[in-house]
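Reading the structure
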Amino acid sequence: MTLTELKYIVAVAREKHFGKAAEACYVSQPTLSVAIKKLEDELEVKLFERAAAEVTVTPLGEEIVRQAQSVLEQAANIKEIAKRGKDPLAGALGLGIIYTIGPYLLPDLVRQAIAHTPQMPLMLQENFTVKLLEMLRTGEIDCAIMAEPFPDTGLAIAPLYDEPFFAAVPYNHPLAAQSTITSEALKKETMLLLGTGHCFRDHVLEVCPEFARFSSDAEGIRKSFEGSSLETIKHMVASGMGVTLVPRLSIPKEALHPGSKRKHLDQAYVKYLPFDGDPPTRRVVLAWRRSFTRYEAIAALRNAIYACELPGVKRLS
């Protein structure tokens, strides 16, 4: 039994396909298949059920793959311990981030990371929360920036900031004449939502739960529409298709200052309104595996995040 063989079975379990697993491991499919067959013969167990459409892991294989992942992680920790003896921050850090945070935080965060820890490049991965949790579990990434809540997976969590939501309405909409908005006022409007899989969609539905029924049946198409990204939805708002909620960091600076020059379509045709009273918010956190040993790297990443401008949010320590 070798670490390479363990790496192969973890890859097949993740990809559920021998060809894709071989690509991920940078080997030919026959090489990977022979190595896995050798391991199965040595253990005298069947790890995978091979079918034309998809490879599935056997019940006993699931347990072995989990242990293999733990062994690989511990082996990687040996290298990390050696690196920390020379430079605790040496080496890349795999960082995942959800789609509704990435475009607005990463440009500043990457600049701060390069300025303060150039020896620790960030290997970035944008994805849905559920996928990032899986990537954390399998060791594909080291840490992730996500919004609560998400399933308790035994991760270490550090709160970063609480971010308020704003309502985005067309500039010629009657609501645009107001200085603030209420959730009651939004109930009468056509709500634009992100598609299923985005946690921000659930945050919007918490503020306006009545739109959940419109987003789940065909008749509701007249009342709610879905977009693939926040930027797409902003353009839908700009075209007068409806209203939506957006996180504070996604709002361009110019859009909140009427006297400034507007450069983009959504800034020219979208009005952003704060909520009256206590606004709905989301808590953004940094999560990592408890077994991850590069504590200094996590601390450096948090410092880089706090060095970002982060306008309009409540920083947490």
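As shown above, the structure is provided for reference.
Residues numbered from 1 in each chain as written. Predicted model: local features only at pLDDT ≥ 70, side-chain atom pairs only at ≥ 80, totals over all residues. Heavy atoms only, no water.

**Describing the overall build of the protein chain**
Helix and strand content of the protein chain: 11 helices and 12 strands. Looking at the protein chain as a whole, 49% of its 317 residues are labelled buried. A separation of at least 24 residues holds for 72% of the contacts in the protein chain among residues at least 6 apart in sequence. As presented, the protein chain carries roughly 15,800 Å² of accessible surface, and 56% of it is formed by carbon and sulfur atoms. (Helix = DSSP H or I, 4+ residues; strand = E, 2+ residues; numbered from the N terminus. Buried < 20%, exposed > 50% of the residue type's maximum accessible area, 1.4 Å probe, protein only. Contact = heavy atoms within 4.5 Å. Areas by Shrake-Rupley, 256 points an atom, 1.4 Å probe, with all protein chains shown as cover.)

**As for the pairing of strand S6 (residues 156–170)**
With 13 of 15 residues buried, S6 is to be regarded as a mostly interior element. Sheet analysis places S6 next to strand S11 (residues 281–288), joined by eight bridges and oriented antiparallel. In the sheet register, Pro-159 faces S11, and the bridge partner there is Val-285. Across two bridges, the pairing between S6 and strand S12 (residues 314–315) is antiparallel. Counted as the bridge partner of Asp-162 is Lys-314 from S12. The pairing of S6 with strand S9 (residues 244–247) spans four bridges and is classified as antiparallel. Looking at the pairing, Phe-165 lines up with Pro-247 of S9. In this structure, S6 lies alongside strand S10 (residues 270–274), joined through five bridges in antiparallel fashion. Bridge pairing in S10 places Val-169 opposite Lys-271. (Pairing = 2+ DSSP bridges.)

**Considering the packing of aromatic side chains**
Summed over the entire model, instances satisfying the criterion amount to two aromatic pairs. Ring geometry for Tyr-99 against Phe-128: centres 5.0 Å apart, planes inclined by 75°, an arrangement best described as edge-to-face. Of this pair, Tyr-99 sits in the loop between strand S3 (93–98) and helix H5 (102–116) while Phe-128 is found in the loop between strand S4 (122–127) and helix H6 (129–138), placing the two residues 29 residues apart along the sequence. (Phe/Tyr/Trp six-rings, centres within 6.5 Å; stacked < 30°, edge-to-face > 60°.)

**Comments concerning the side chain of Asp-108**
With respect to the helices, strands and loops of the structure, Asp-108 is situated in helix H5. With sequence-adjacent residues up to four places away left out, Asp-108 is seen in contact with Cys-308 and Glu-309.

**Brief notes about the nonpolar core**
In terms of nonpolar packing, the biggest core is built from 77 residues, with Leu-105, Leu-109, Ile-145, Met-146, Tyr-161, Leu-286 and Leu-301 touching the most fellow members. The element that contributes the greatest number of residues to this core is S6, accounting for nine residues. Look past the residues within four positions of Leu-109 in its chain and what remains in contact with it is Leu-95, Leu-122, Ile-145, Leu-301, Ala-304, Ile-305 and Cys-308. (Core = buried A, V, L, I, M, F, W, Y, C linked by side-chain atoms within 4.5 Å.)

**Focus: the packing of helix H1 (residues 3–15) against helix H2 (residues 18–25)**
Across the interface, H1 lies against H2 with an axial gap of 8 Å and an inter-helix angle of 130°. In terms of orientation, H1 lies oblique with respect to H2. Note that H1 runs across H2; the crossing there is right-handed. Note on element contacts: H2 touches H1 through Phe-18, Lys-20, Ala-21, Ala-24 and Cys-25, opposite Lys-7, Tyr-8, Ala-11, Val-12, Arg-14 and Glu-15. Considered class by class, the residues forming the contact of H1 with H2 number seven nonpolar, no polar and four charged. (Axes fitted to C-alpha atoms, helices over the stretch in contact; angles between N-to-C directions. Parallel < 35°, antiparallel > 145°, perpendicular 65-115°, else oblique. Left-handed = near helix turned anticlockwise from the far one by under 90°. Nonpolar A, V, L, I, M, F, W, Y, C, P; charged D, E, K, R; others polar.)

**Regarding the packing of H5 against helix H11 (residues 295–306)**
It is the contact of H5 with H11, at a shortest axis distance of 8 Å, that shows an interaxial angle of 125°. Classified by the angle between their axes, H5 and H11 sit oblique to one another. The two elements H5 and H11 cross, and the hand of that crossing is right-handed. Facing Leu-109, Gln-112 and Ala-113 of H5, the residues of H11 in contact are Leu-301, Ala-304 and Ile-305. Here the residues of the contact of H5 with H11 are counted per class, giving five nonpolar, one polar and no charged.

**Remarks on the pattern of salt bridges**
A complete count under the given rule lists 14 salt bridges for this structure. Asp-108 is paired through a salt bridge with Arg-111; the nearest N and O atoms lie 3.9 Å apart. Within this pair, Asp-108 and its partner Arg-111 are both found in helix H5, separated by three residues, close to a single helical turn. Overall, the relative accessible area of 54% leaves Arg-111 in the exposed class. One salt bridge connects Arg-137 with Glu-134, and the closest N-O pair in it is separated by 2.8 Å. Here Arg-137 and its partner Glu-134 are both found in helix H6, three residues apart, which amounts to about one turn of the helix. For Arg-137, a relative accessible area of 46% gives the class partly exposed. Glu-134 gets classed as partly exposed once you look at its relative accessible area, which sits at 29%. One connected set of salt bridges, linked through shared partners, spans Arg-14, Glu-15 and Glu-140. (Salt bridge = Lys/Arg side-chain N within 4 Å of Asp/Glu carboxyl O.)

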